[in-house]
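Overview (structure and organization)
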Amino acid sequence: MRYESGTHRVGGVRLAYIGGGSRGWAWSFMTDLAMEPALGGEVILYDIDRAAAQANEIIGNKIDCMPATRGHWRYRVAGTLEEALTGADFVVISILPGTFDEMEVDVHLPERLGIWQSVGDTAGPGGIVRALRTLPMYVPIAQGIRDCCPDAWVINYTNPMSLCVQVLCHVFPGIKAFGCCHEVFNTQQVLAAAAGEKLGIPAPARRDIHVNVLGINHFTWFDQASYEGLDLFPVYREFAERYYEDGFHERDRNWANASFDCAHRVKFDLFRRFGLIAAAGDRHLAEFMPGDEYLRDPETVKSWKFGLTPVRWRKDDLKARLEKSRAMASGEREVDMTPSGEEGVLLIKALAGLGRMVSNVNLPNAGQIPNLPLGAVVETNAVFDRDSVRPVLAGPLPEGVRRLIQPHVENHALTLRAALECDRELVVRALLNDPNTAAKCADEGELRRLADDMIAGTAKYLPEGWRV
């Protein structure tokens, strides 16, 4: 990439997109790139589904020709991972590990033991087994980055986020990788609504809500929050009490399906109990807690006003997105050029030397949360600058919250080993240690059978070692 003197612009950026056949998130990312005038270059799309990547090549190059486009990128498909990575300045990873058939096993098979999962991609049985097939896929990606573009910045968007970042760093210790997640943004929007109500003004912009972030992905917390010098903790306390029973729904939220609904009652309850602001969607937060609380059964979930997301909905949604991809690639449908509100492109801009910004990211713990294990992937703020990501010292977690997080950190270590060593016993240990699972079933035999059946259900995407 090259800095274009006098323009405050960087051109010639080479960006490798692993999972570049994405039907959905890729279109938002390509739109965000197009709307940023300070960057330009080439995006190399790589996907095991080459036809999907070719469709996005057409869509991306259509975006480049649209009148609203301000930053120009050419899109092309790479035939191999090595071709995509060679010479890359940035690598974006956003893949679906396996298919929704495998995710259906992840999410719904544990229901036979009364274990309900509202997402099933990060914690609990679903997150553990999803990791078993995801992490081996990340090994050649990390090796390819090491061999083809060792100085590239690597941005991961795939779940389970913490473990994907962990395995990248495990395989290539020198990798410049971090994970991005928008769950914190949504909680900032709730705080913005609370500030607006308190001050009698329209809700301020999310980025004007300043927070200290600490925790692990999808189980993040704020211990400080402010808006223009106003301490938002007393404001949020009043807000949480006001909406505790009925929940709070953002007026402009247009839910595509009740499965994704969230009235924030779980976060309000966690605030009452622990004094910190839980900073993720209720669907995620509930999965990290004991399974006899928010996920006791579908009726309990309904009472807390969030949704279980059945995989059949994802399958139906995929059909709609496949048709949308076809229509956009053929020219029958225009691309929506609305910015996504994500920060990935802004982070790339800062890393390219065009400004400095602070955002929440997932990185190995180097002391930013001193009472969690060193090396565990944690989520805190970090400062982004030219070729630099410096995690912010977030401080220690209160002991009550740390005890909630600790078993999940332990499970990350167990699951990483299980995935790389093809070890069923470690999977069983992780299930026994998972709070959602353990509250519903403490019978090791039952959990061993569940592990065997879930592994069998995803065997197509597992290494040969699992078949021994």
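Please read all numbers here as calculations on a predicted model, not as lab measurements.

Take the pairing of strand 12 (residues 357-364) next. Counting buried residues along strand 12, six of its eight residues qualify, which places the element largely inside the surrounding structure. The pairing of strand 12 with strand 13 (residues 377-385) spans eight bridges and is antiparallel. Within the sheet, the bridge partner assigned to M357 lies in strand 13 and is F384.

Counting residues in each nonpolar core, the largest one holds 55 residues, and the members touching the most others are L191, F219, W221 and I405. Where this core is concerned, the elements lending two or more residues are helix 7 (183-199), strand 8 (210-216), strand 9 (219-227), helix 8 (232-243), helix 9 (265-274), strand 11 (277-278), helix 10 (282-288) and helix 14 (399-421). Apart from the residues lying within four places of it in its own chain, the contact partners of I405 are G215, I216, F219, W221, L372 and L397. Core analysis: the next-biggest nonpolar cluster, separate from the first, contains 50 residues, L81, L414, L426 and A430 among them.

Time to look at the packing of helix 4 (residues 100-108) against helix 5 (residues 124-148). Describing two packed helices takes the angle between their axes plus the distance from one axis to the other. Following both chains from N to C, one finds helix 4 and helix 5 inclined at 145°, their axes separated by 8 Å at the closest point. Remark: the crossing between helix 4 and helix 5 carries right-handed chirality. Contact residues: E102, M103 and D106 in helix 4; G126, V129, R130 and R133 in helix 5. Of the residues in the contact of helix 4 with helix 5, the class split is two nonpolar, one polar and four charged.

It is worth spelling out the pairing of strand 5 (residues 90-93) at this point. Going residue by residue along strand 5, you find F90 and V92 tucked away on one face and V91 and I93 tucked away on the opposite face as well. Two strands pair when backbone bridges link them, and strand 2 (residues 9-18) and strand 5 are joined in this way by four bridges, in the parallel orientation. Bridge pairing links L15 to F90 in strand 5.

The share of residues in the chain with pLDDT of 70 or more is 97%, and the mean pLDDT across the chain is 95. Across residues 252-257 the pLDDT falls below 50, and counting only partners more than four positions away or on other chains, this stretch makes six contacts in the model.

Moving on, we get to the pattern of salt bridges. In the structure shown here, the tally under the stated rule is 33 salt bridges. A salt bridge links D64 to R74; the nearest nitrogen and oxygen atoms lie 3.7 Å apart. Within this pair, whereas D64 is found in helix 2 (residues 50-64), its partner R74 is found in strand 4 (residues 73-77), the two being separated by 10 residues in sequence. You can call R74 partly exposed: its relative accessible area is 46%. A salt bridge links E399 to R403, with the shortest nitrogen-to-oxygen separation between them at 3.7 Å. Taken together, the residues E399 and R403, both in helix 14 and four residues apart, mark about one turn of the helix. By relative accessible area, E399 is classed as partly exposed at 39%. Connected through salt bridges with shared partners, the residues R14, E42, R76 and E83 form a single ionic network.

Here the focus is the state of the cysteines. A complete count under the given rule lists zero disulfides for this structure. Here C149 stays free of any disulfide, with the sulfur of C148 as its closest cysteine sulfur at 6.3 Å. Its relative accessible area of 4% is what places C149 among the buried residues. For the unlinked cysteine C164, the closest cysteine sulfur is that of C169, found at 11 Å.

Position of G247 among the secondary structure elements: in the loop between helix 8 and helix 9. When the C-alpha atoms of G247 and K305 are compared, they prove to be 7.3 Å apart, with 58 residues separating the residues in sequence. Dropping the residues within four chain positions of it, G247 is found in contact with A263 and R265.

Taking 1.5 Å of rise per residue, 15 residues should cover 21 Å, and helix 2 covers 21 Å from first to last C-alpha, within 8% of that figure. Here helix 2 has its buried residues at A52, A53, A55, N56, I59, G60, N61, I63 and D64. On its buried side, helix 2 packs onto helix 1 (25-35), strand 3 (39-46), strand 4 and helix 12 (311-330).

The relation between two aromatic rings is expressed through the spacing of the ring centres and the mutual angle of the planes. Enumeration according to the criterion identifies 18 aromatic pairs in this entry. With centroids separated by 5.1 Å and ring planes inclined at 65°, the aromatic side chains of Y243 and F248 adopt a geometry described as edge-to-face. In textbook terms, an aromatic cluster arises when at least three aromatic residues are bridged by ring pairs, as seen for F233, Y236, F239, Y243, F248, F268 and F271. Over the face of the ring belonging to Y244 we find R265, whose NZ or CZ atom lies 5.0 Å from the ring centre. Lying over the aromatic face of Y244, R272 brings its terminal NZ or CZ to 3.5 Å of the ring centre.

Quick notes on the rules
Each chain carries its own residue numbering, running from 1 in the direction its sequence is written. At least 70 in pLDDT is required for a residue's local features to be given in this predicted model, at least 80 for side-chain atom pairs to be given and counted, and no such filter applies to totals for whole chains, interfaces and linings, which use all residues. Calculation of side-chain values draws on the structure's entire complement of heavy atoms; hydrogens and water are dropped beforehand. Exposure categories follow from relative accessible area, calculated using a 1.4 Å probe and restricted to protein chains: below 20% of the type maximum is buried, above 50% is exposed, and the middle band is partly exposed. By definition, any uninterrupted DSSP run of H or I lasting at least four residues is a helix, any uninterrupted run of E lasting at least two residues is a strand, and each is numbered from the N terminus. DSSP bridges decide pairing: two strands pair if at least two such bridges lie between them. Among buried residues, those of type Ala, Val, Leu, Ile, Met, Phe, Trp, Tyr and Cys that are joined through side-chain atoms within 4.5 Å constitute a nonpolar core. Contacts between residues were defined by any pair of non-hydrogen atoms, one from each residue, lying within 4.5 Å. Fitted lines through C-alpha atoms serve as axes, helices being fitted only where they are in contact, and the angles separating the N-to-C directions of these axes extend from 0 to 180 degrees. Throughout, a crossing is termed right-handed when the near helix is turned clockwise from the far one, and left-handed when it is turned anticlockwise from it by less than a right angle. Note on residue classes: Ala, Val, Leu, Ile, Met, Phe, Trp, Tyr, Cys and Pro are nonpolar, Asp, Glu, Lys and Arg are charged, and everything else, Gly too, is polar. Each residue gets a pLDDT score, which is the predictor's confidence in that residue and runs from 0 to 100. Each salt bridge in this description consists of a side-chain nitrogen of Lys or Arg and a carboxyl oxygen of Asp or Glu lying within 4 Å of one another. Two cysteine sulfurs form what is called a disulfide whenever their separation falls within 2.5 Å. Expected span, for any helix, means 1.5 Å times one less than how many residues it has. For this analysis, a ring pair means two rings from Phe, Tyr or Trp (six-membered ring only for Trp) whose centres lie within 6.5 Å, classed as stacked if their planes differ by under 30 degrees, edge-to-face if by over 60, and tilted for the remaining angles. As a reminder, the over-ring test applies to NZ of lysine and CZ of arginine, requiring each to be within 6 Å of the ring centre and within 35 degrees of the ring normal.

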